[in-house]
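Each chain, letter by letter, is given below.
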Amino acid sequence: MLSEALVWAIFLLPVASFLLIGGVIRPLGPSVAKAAGYVTILALGVGFVLSLWLLRSHAHGVVYDFAPHLWLNLAPGASVQMGLLLDPLTNVMLVVVTGVSLMVQIYSMGYMDGDESFARYYAYMSLFSASMIGLVLASNIVQMYVFWELVGLSSYLLIGFWHDRPSAAAAAKKAFIITRIGDVGFLLAIIFLFFQADDFAAQGLNALHIPDIWTAAAPIAAGGAGIVAGGALLWLCLGLFAGAAGKSGQFPLHTWLPDAMEGPTPVSALIHAATMVAAGVFLVGRFFPVFSESEGAMMVVALIGAFTAVFAATMGLAANDIKRVMAYSTVSQLGYMMAALGIGAYNAALFHLFTHAFFKALLFLGAGSVNHAAGTFNMMYMGGLRKAMPFTYWLTVIGALSLVGIFPLAGFWSKDEILLEAWLGTGAVETSVSLLVFVLLLVGVLLTAFYSFRMVHLTFHGEFRGGGEQELHDCEEAGQPAPTGVSHHVHLGESPWWMVGPMVFLGISAVIAGWVANPIGVKSVFGLIPSHWLTDYFASGLHDGHHAPPFSIAMAVISNVVALAGIGLAVLTYAWPRGFTNTDPLTRGGIIHAVLAQRYYLDHLYEGVIVGRVFYRVVAAVTDWFDRNIVDGIVGLTGWISRNVGSLIALAQNGQVQTYPLVAALGGLVIIVLYLILG
Amino acid sequence: MGAEWFKDVVFWALSVVAIAGAVGVVMSRDLFRAALLLATVFVAVGGFYVLMNAEFLAVVQILIYVGAIAVLFIFGVMLTRDVRQGNAPNRLQIPAGIISGLLLAAMIFTAVTTDWTTLAGAGLEAKSQIAQTQAVGIVDIEAAGRLAESGLSEQEVESVAGGGLADLLVGEFVLPFEAVSLLLLAAAIGGLALARGRGR
Amino acid sequence: MPSGFNGLLTATVFLPAVAALLLATGIVRDARSIRWYAGIVALADLVLSVIVFVLFQPGGDRFQLIDRFDWIDTGTVQASYLLGVDGISAPLVMLTGLLGLCAVFVSFHINDRVKEYFIWLFVLQTAVMGVFTSLDFLLFFLFWEIELVPMYLLISTWGTGRREYSAMKFLIFTILGSAFMLVAIVAVFVSSGVGSFDMTRLLEPGGALDASRAALPLGVLFWLFFIAFAVKLPTWPVHTWLPDAHTDAPTAGSVMLAGVMLKMGGYGLLRVNAGMFPEQLANFALPIVALGVISVLYGAVVTLRQTDLKRLIAYSSVSHMGLVLIGIGSVAVVGGALTDAGLTGAAMQLFTHGTITGLLFVAVGILYEKTHTRHIPDLGGLANRMPILAGAFLIAGAASLGLPAMSGFVSELLVFFGAFRAFPALTILAVLGIILAAGYILWMIQRTMFGPRPARWDGLTDASLVNTVPVALLVISIFAVGIYPAWLTDVFRDGLEPIVNAYNLGIAGSR
Amino acid sequence: MSLESMLVVAAVLFCVGLYGALARRNFIAVLMSIELMFNGVNLTLVAMGRWLAPYAVQDALSAVLTGQVFAVFIITVAAAEIALGLGIVFAMFRNTESVDLTDAAAMRH
Amino acid sequence: MNAYDLYLISPPLALAALAMLVIVVDLLTRRTGLLVGLSFVGLAAPAALSAWQVADLTGSGASELAAEGSVVLHTLSIDKFSLFFNFLILAAVGLVVLVSTDYVRRMERLQGEFFGLMLLSATGMMLLVSANELITMYIALELTTLPLAALAAFLPNGRSSEAGMKFLIIGALSSALMLYGMALIYGFTGSTRLDEIAAALSAGAAAGAFPFGSMAILLAIVLLLVGFGFKMSAAPFQMWVPDVYEGAPTPMVAFLSVASKAAAFALVLRVFYIGFDALGGDWWVLLAGLAALSMTVGNLVAIAQRNIKRMFGYSTVAHAGYLLVGVAAVASATDSETFGPSSVLFYLSAYTAANLTAFFAIVCIGNRINSDEIYDYSGMVRRAPFLAITLALALIALIGLPPTGLFFAKIYVFAAAINTGESLMTWLVIIGVVNSVVSAYYYLRVIKVMFLQTPIHTERVRASWPVNVALGVATLALVWLGVAPMTLLGAAERAVSVLAGG
């Protein structure tokens, strides 16, 4: 039996770290700021160990639902309880979160060294880790929402960490608001569940307790309660998916994620690549038993996921900012996961989530390392860094290959499994839908390969194009403000070990994380890892867990060929013309390139047109005008009338003594006449 | 007094004098003349009192109104040296005329249409009931009814009138009688204080 | 009928007034001593109000800590001095004590007519506490009206901008509202079988007025009361006094105005409209919730356009108080027993909005004290110079937009939970308001605290220790409610339980 | 001669007086007009008493005479009013050199 | 006329005697203080006599004093109702006398006449409140009005004589109209006594097709109302009020605004409740209409005023409206008919306290700064804190805010109106409360000017001690009625039991 206290400890350690840094270390001033980093690393290190221990001792097929603690009693059949729900999904998430987080914290010791808000950074990081851990452990949907929002808050704080940069502050706001739009869906789903509280109560269930929701969604025939079904079920799922889409940057709520790269790079690595953005996938995974009861919902999830996978990848083609390329890649990969969930490939999706966390974190940390040297994120000013920073180069290439899905790296296994499931279909959605998803995802593979190696080439190959210094110079000439993250600080050389160390760890993970799952179905790897261990482990968390399909060499070949084709295309485009200087050959794509570079004008549509023009200048302005002139105007008018009617009556008061009895007599006569008329 | 027709003739004559005099008072541009016309009206009204067997009142009317008030007016007119400036109308003539006309119409309508006798009879009956319950005196209602039917002779009314007035003034109405003295005192003090002006 | 004389409430309510009286007699003279005197008195009153809250035992008598003596009893007119708290009012009394202390502390920089200033502040506090504790309609109305005078003077004397206009507007609006309430109170009083101003009798189970003995139709009475409370709350479209009054009031005035005086409106709705007119409220819930939703969205949209910090917060208050109406409208739930979620949410919203907006105004007050501007385009990048202030803004902002672990979340959630059962579509509309809330709050923080800092703010210093006290108090209260709300919701729920029962009985009875 | 005719004459006197009181500029003329009104009232009162007499008997005698008593009082009060009125006329004349009411409109609106 | 009659009329008699004594003393000495002292202390006599009568009434348990063969009782009714007003009038005149000290001192002459006339007017009021017969009412009314008309013209300036002229002409005209109404009543019922009129009307009322049963009664009631309307300063008979308030000597205006009004309302209550009770449900509609008109006109026009006395003139019109709401509330269909009139009594008392306070402050300030313009009151709180605070308190009271008597008074009046159950009355109440809001605007403006604006002069405004005492007593009464209204409410309810019985 697992100890509840130890599970709590995983969550409470970063909380304690946050409080310690916020309440003690930061007020003490910069002299002790370093301690913040050690405290955080310690907390997460212990957490990581504990998570591994949990993973080790977690028996298959068991969902640990520790007795919850009452937080807020709402109604019979609906109470908010703070509890721990430990199933394989949670367990793996814990490992990912604490593991990646730990690496990122270590990396940050180098990356953030010398920043004046070092302690604040670690405070936020601790807060984030705590929230994320709380999110994955939550056993109550409101509890989950609480941490969901806190994750959003810490993300906001971290994106806007360098808040004196207007673009950072704006990006933070944008991230928060757009994810909040999705959160409204989540909230409505919760509200909707509360609405059903009476039915839950009748079955002795709690409408807000997650396992009870699973039960409620399952049809009676399948041993469930069948409380939520049909259209209601669809709406519930769509609400939850809206929340997931916001957090995981699914179309059309993806626009915040590239902008979120305004935060420090480790933040991007941890939050906007490995963990928080995966929370959306986690949410759908968490409620997979509910989603799987609604084919409509599944279809929506699958199609939006697959579309996003391709859609984001295309935007990645035209991005020049290395972190933005990563960001689009992240959106795209999250699309893979969503698509996988949508077609019912629960195991594969979570497997991909698992592997993605490592290689994507690695890629981001690599980007950060590059930035450390080149002083810019703009790939147009990089080039030739291969020699200066070999570790970074090779680690990035490993990450890229893993991302593209080249055998035998981690990304290959998980992506391959998704493609295979899509090809074969799981029965969760119509076969035509899963085939469509398959085609889209395959296109995605090609695009992924292209932009990944475009990035590798532009960054590391060719000649060095001047870095941050040159960019600042160009911006000055063009009279534009310099983008954030650009500095004169250019020193071509490898990053410190604080940074390289975690990258090495992640690089190793990016290689072996796929094997950990034992995806081919070898009976046992070194006698430790059973066949299809990870996917089966995931499946064991579900009531009717679906086992991974057997490994298909054909599919592996197809995906690898497509991937290699993409890589080849990139090499052809960027390595062939020896004289590549500053102009991206893709700009020859003309309007298509422009559309891609401008992110399909969606940001413009959202911010410029909908929010700026339609909402702010029209709706809000009209309402404001209405408030000032009509609502308040009526008030003013009433006052004006009462003041001036008084003056008007006073005119009769002309000082002539005889007018007064005249008016009085007239009044008397009027009274008589009124009486005679009205009786 | 005389026969009924004679009374009628006198009544009409007095009416013409009174009304013409009144119109003269309010129309005359000459204040002095207005004051004299006013005295004429007072006299005519006194005549009406005599016609209605209220001789005592007529005497009071002549003494106070003609003897005091009219004279006061004439003094006032002379002292303010405003006689020749005259008695011009103000701008309210038309509305004032309309209002007065309407009020007159209402009054005449009331005077003509109201069945005073019936109602007054009912009132007296009720009054006598109150008198009974208050034990102030006993009223023979039947007798009152008989008398009402037959009508009172002139002499009877006259005797009733002549003997009672003074009694009433020092009897039932002794309080207002005393109060009026205070009123006159106040008016005298006030009038004197105001008329006397600044210097003492 | 409750009786007895405990004395604690009387002390709590009148301590500030007595202190004001002493101040008026001139026992302390120089400005510095007056400030500390005021601080001590406010602290003492906070302690008393916390004692009130702690001594109030949920599950005990409905009204506790009763102070009563007969005031007027002529046979036809009966009124008594009757103070008491139930679950609804006990937290609000504490809130008043808390914000009273904060108001004193943010007023330390006042140099103009210090003595008068604190006198009026104390009178205000007594009046507001009186409103929350009086259980006699006449007394209730009396306190309700008394409160106007100090507030008027505070705004018009120590305010800024068009202070006289704003003060007058505040006054006229409120008096207009209370005029309607007066009619209603009088009508309730003369309704046959009532004959006294005792509120507890009308609140007893089965004590509600029935149509046959009411002097006016019950619906009319309901709306008369509603108008008065809606103006105070304030509800669209009678909200326009609020932005003006908030903007031009001195900081403490804004804190008290937003923190506790708006709550008087919500309290009235819960106490009178929900408590005494259950059937009418259920019937008229739709228009009321519609007004609430309009307030939420309209307030939020207008907030987006504001460039004056205080005005912005004021409009956000309009938006947030709309939630109170929505929560109250949850009583119209059909097809199932009413849960107390919506009403509890409305009550919680009163408390939480008090602390959150109080904090926002405190923060703006500190900012204004340092920068002498509230015009958002003039500001920017202050977070580096004033981390405490930025923290206050962030926490208050986050709480205001309903982030969990902070108090605003709990009340919003409860309101939505409750209201959705009665009016799903309208509730969804209102939920959209939280996106707008995120918009204006973050926009405000971004433009004032973040981004590049104009050079003229380089010399700014952070909030002083005196200013940090109210900030800390309010932050603690925000988190205290946010992290473990049950200590408060349980008390509110205890107060609302009789109301909920009445509705459930009524629904059961009518079927 | 009848009650009605007497009442009509009284009403005419009253209303003519009212007209004069409303439409004359001179203070003294207005006072005179008011006297006309009082005379109209007095006539009405006495006429009422006179024609009510048939219904007044014995001790209800006072009913007849009340009208006359009333008239006596009104005459007396009128005298007092005129006395005071003239006092005010003098005061006004001293202060403003005018007894024109239309001019006496320093206070208005 | 016997000894008992003398006892019955002893309070007004004592007051009249005092008036004459004051005038005589004035001939002998020039000392203002002595005159004030005499006038004030002398009021103890009528007060004591009234108290004796109250004790007598309470002892016998009767509703009014009565005796065999008393002639006075033909025209007067000495009951709790009239005694209530006796005290009100005495209190008002006493305080006004005190507060006149400074004012009169500046007049140099005619001081005795000033107090004498005021006391004579008060005598008239005392008679008026107990009169139960039309002739007595008329005489009392004139005794009330004529000295006040003289007082209005007392100052040696054009405005004062203009005020006196207006007061006199309006008074005389309204008297004439009222007298015609009385004549019609007399002709119709054969009596001038209220109880007999009531009995006659109840016997013959149902007769005609006209409202009130007869055109004569209709005309009579309207004409009476025109006459009473002038005295009550109800719209549309109110137009003389602001002019007279502005021009007349301020202490006299203070007296006029409260005592005269109180007496007029006492008269209206008595006439309508006792005399026209039988006419039932018709006349209250008329009063309700006048109430609405008075409140609205008074408040709206007051907003535009710059002269504080003039503003109070309109304010008094508005308050006449509130009072008329109470008077109209007699149409009560339910239990206690005393609710309406007793609310009027309480309102009058509270209004007396509030208005006297206000006017006393104005007397002091105006006397010192020689201006009644509101603007000149700027920063008065620094020049005269006591005066400014009392004035502010009075203004708050006039709005109807606690902690003042008028707060209860308004509630009480409105309660009476709603208690009738008539929807028209509910509307009237709503008009009333909305009007209270409007009134807040102009009352508060004065407070604002006094408290918030910077003073034009820095010279302190002081008053002598009798003035301060009077002001203090009035303020105390104002607050006392707000804090502990019980005593007076009880007295008012006992007082109006007479009317219900009638």
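Residues numbered from 1 in each chain as written. Chains lettered and ligands numbered in written order. Predicted model: local features only at pLDDT ≥ 70, side-chain atom pairs only at ≥ 80, totals over all residues. Heavy atoms only, no water.

1. Quick word on the overall build of chain D
Within chain D, the regular secondary structure consists of three helices and zero strands. Reading chain D from its N terminus to its C terminus gives the helix and strand order α-α-α. For chain D, the proportion of its 109 residues judged to be buried stands at 83%. Considering only contacts within chain D whose residues lie at least 6 apart along the sequence, 67% involve residues at least 24 apart. Only carbon and sulfur atoms are counted for the fraction: they give 53% of the accessible area of chain D, which is about 1,900 Å². (Helix = DSSP H or I, 4+ residues; strand = E, 2+ residues; numbered from the N terminus. Buried < 20%, exposed > 50% of the residue type's maximum accessible area, 1.4 Å probe, protein only. Contact = heavy atoms within 4.5 Å. Areas by Shrake-Rupley, 256 points an atom, 1.4 Å probe, with all protein chains shown as cover.)

2. Focus: helix α12 (residues 278-286) of chain A
Across the nine residues that make up α12(A), a large majority, nine, are buried. Buried within α12(A) we find Ala278(A), Ala279(A), Gly280(A), Val281(A), Phe282(A), Leu283(A), Val284(A), Gly285(A) and Arg286(A).

3. Re the packing of aromatic side chains
Residues and elements named next belong to chain A. Scanning the entire structure with this criterion turns up 79 aromatic pairs over all chains. Plain terms: the ring middles of Trp423 and Phe438 are 5.1 Å apart, the flat faces sit at 55° to each other, and that makes the pair tilted. With Trp423 in helix α19 (residues 410-424) and Phe438 in helix α20 (residues 431-460), this pair connects stretches of sequence that are 15 residues apart. You can call Trp423 partly exposed: its relative accessible area is 47%. (Phe/Tyr/Trp six-rings, centres within 6.5 Å; stacked < 30°, edge-to-face > 60°.)

4. Some words on the pairing of strand β2 (residues 78-85) of chain C
Residue and element names in this part refer to chain C. For β2, the buried fraction is high: seven of the eight residues fall into the buried class. Note: strand β1 (residues 64-73) against β2, seven bridges, orientation antiparallel. When the bridges of β2 are listed, Ile72 appears paired with Ala79. (Pairing = 2+ DSSP bridges.)

5. Focus on the side chain of Thr352(C)
Topologically, Thr352(C) is positioned in helix α14 (residues 341-371). Contacts of Thr352(C), omitting those with residues within four sequence positions, involve Ser407(C), Gly408(C), Ser411(C) and Val481(C).

6. As for the nonpolar core
Counting residues in each nonpolar core, the largest one holds 832 residues, and the members touching the most others are Ile141(A), Phe287(A), Phe137(C), Phe27(D) and Phe85(E). Summarising the domain contributions, this core has at least three residues from each of domain 1 (1-83) and domain 3 (163-200) of chain B. (Core = buried A, V, L, I, M, F, W, Y, C linked by side-chain atoms within 4.5 Å. Domains from an automatic or database assignment.)

7. Some words on the interface of chain E and chain B
With 52 residues of chain E at the contact, the number on the chain B side is 37 residues. Taking both sides of the interface into account, the surface hidden between chain E and chain B amounts to around 3,800 Å²; carbon and sulfur atoms contribute 76%. Considering only the surface of chain E that becomes buried against chain B, Arg109(E), Ile139(E) and Phe188(E) emerge as the three largest contributors, covering 14% of it. The tally of links from chain E across to chain B stands at zero salt bridges. Our enumeration of links across chain E and chain B arrives at one residue pair in polar contact (both at pLDDT 80 or more). Mapped by element, the contributors of at least two residues to the side of chain E that touches chain B are α2 (10-28), α6 (111-130), α7 (134-152), α8 (158-189), α9 (194-204) and α10 (215-232) of chain E. (Buried area = accessible area lost by both parts, 1.4 Å probe. Salt bridge = Lys/Arg side-chain N within 4 Å of Asp/Glu carboxyl O. Polar contact = N/O pair within 3.5 Å; in protein donor to acceptor, adjacent residues only side chain to side chain.)

8. A few points about the side chain of Ser178(C)
All names here are of chain C. Secondary-structure assignment places Ser178 in helix α7 (residues 163-190). Owing to a relative accessible area of 1%, Ser178 belongs among the buried residues under this scheme. At 2.7 Å, the side chain of Ser178 and the side chain of Glu145 are in polar contact. Once residues within four sequence positions are removed from consideration, Ser178 is found in contact with Phe141, Trp144, Glu145 and Ala228.

9. As for the pattern of salt bridges
Residue and element names in this part refer to chain E. Per the stated rule, a full pass over the model turns up 32 salt bridges over all chains. A salt bridge links Lys166 to Asp243, with the shortest nitrogen-to-oxygen separation between them at 2.9 Å. With Lys166 in helix α8 and Asp243 in helix α11 (residues 240-247), this residue pair connects regions lying 77 residues apart in the sequence. Each of the two residues, Lys166 as well as Asp243, counts as buried. Between Asp372 and Lys309 there is a salt bridge whose closest N-O contact spans 3.7 Å. Pair noted here: Asp372 is in the loop between α15 (339-369) and α16 (380-383) and Lys309 is in helix α14 (residues 308-328), with a separation of 63 residues, a long-range link. Across the pair, exposure class does not vary: Asp372 and Lys309 are buried alike. Among the ionic contacts, a cluster of salt bridges with common partners joins Arg159, Glu162, Lys166, Asp243, Glu246 and Arg310.

10. Considerations on the packing of α7(E) against α8(E)
Residues and elements named next belong to chain E. Closest axis-to-axis distance for the α7/α8 pair is 8 Å, and the angle between their directions is 170°. The pairing of α7 with α8 is recorded here as roughly antiparallel in orientation. Contacts between α7 and α8 involve Leu134, Met137, Tyr138, Leu141, Glu142, Thr145, Leu146, Leu148, Ala149 and Ala152 from the first element and Ser160, Ala163, Gly164, Phe167, Leu168, Ser175, Met178, Leu179, Met182 and Ile185 from the second. Among the residues forming the contact of α7 with α8, the class breakdown is 15 nonpolar, four polar and one charged. (Axes fitted to C-alpha atoms, helices over the stretch in contact; angles between N-to-C directions. Parallel < 35°, antiparallel > 145°, perpendicular 65-115°, else oblique. Nonpolar A, V, L, I, M, F, W, Y, C, P; charged D, E, K, R; others polar.)

11. Regarding a nonpolar patch on the surface
Residues and elements named next belong to chain A. A grouping of Leu666, Val670, Val673, Leu674, Ile677 and Leu678 is seen on the molecular surface, where their side chains present a nonpolar patch of about 580 Å² in accessible area. For Val670, the location among the structural elements is in helix α27 (residues 659-678). Judged by its relative accessible area of 41%, Val670 falls in the partly exposed class. (Patch = residues over 30% accessible without salt bridge, like charges linked within 9 Å, V, L, I, M, F, W, Y side chains within 5 Å.)

12. Quick word on helix α1 (residues 4-28) of chain A
All names here are of chain A. Between the first and last C-alpha of α1 there are 34 Å, a value that for 25 residues agrees with the 36 Å anticipated at 1.5 Å per step. Along its length, α1 shows its largest kink, about 40°, at Ile21. Listing the buried residues of α1 in full gives Val7, Trp8, Ile10, Phe11, Pro14, Ser17, Ile21 and Ile25. One or two residues past the end of α1 sits Gly29, with phi positive at roughly 105°. (Expected span 1.5 Å × (residues − 1). Bend = angle between axes of the 7 residues up to and from the residue.)

13. A closer look at the environment of Gln61(B)
Along the polypeptide, Gln61(B) turns up in helix α3 (residues 55-79). Judged by relative accessible area, Gln61(B) falls into the buried class, the value being 0%. Every residue in contact with Gln61(B), bar those within four places of it in the chain, is listed here: Phe42(B), Val45(B), Gly46(B), Tyr49(B), Val66(B), Asn39(D) and Ile75(D).

14. Notes on unusual backbone geometry
Across the junction of Phe251(A) and Pro252(A), the peptide omega takes the value 0°, indicating a cis bond. Here the bond from Trp236(C) into Pro237(C) is cis, since omega is 0°, no more than 30 degrees from zero. Summarising the element assignment, Pro237(C) is placed in the loop between α9 (218-232) and α10 (241-248). The phi dihedral of Ser233(E) falls on the positive side, at around 55°, and the residue is not glycine. Here Ser233(E) is to be found in the loop between α10 and α11.

15. Describing the packing of helix α4 (residues 114-133) of chain C against helix α6 (residues 148-158) of chain C
All names here are of chain C. At a minimum axis separation of 8 Å, α4 and α6 run at an interaxial angle of 150°. Like other packed secondary-structure pairs, α4 and α6 cross with a definite hand, here left-handed. Only Pro150, Met151, Leu153, Leu154 and Trp158 of α6 make contact with α4, whose side of the interface consists of Glu116, Tyr117, Trp120, Leu121, Val123 and Leu124. Within the contact of α4 with α6, the residues separate by chemical class into ten nonpolar, no polar and one charged. (Left-handed = near helix turned anticlockwise from the far one by under 90°.)

16. Some details on the confidence of the model for chain D
Close inspection of predicted coordinates is inappropriate for parts of the model with low pLDDT. Scored by pLDDT, chain D comes out at a mean of 84, with 90% of its residues at no less than 70. The weakest mean pLDDT in chain D belongs to helix α3 (residues 61-96) of chain D at 85; the strongest belongs to helix α1 (residues 3-23) of chain D at 92. (pLDDT = per-residue confidence, 0-100.)

17. Some thoughts on the confidence of the model for chain B
This prediction gives chain B a mean pLDDT of 75; 68% of its residues lie at or above 70. Confidence drops under a pLDDT of 50 for residues 132-151 of chain B, and excluding neighbours within four residues, the segment shows 19 contacts in the predicted structure.

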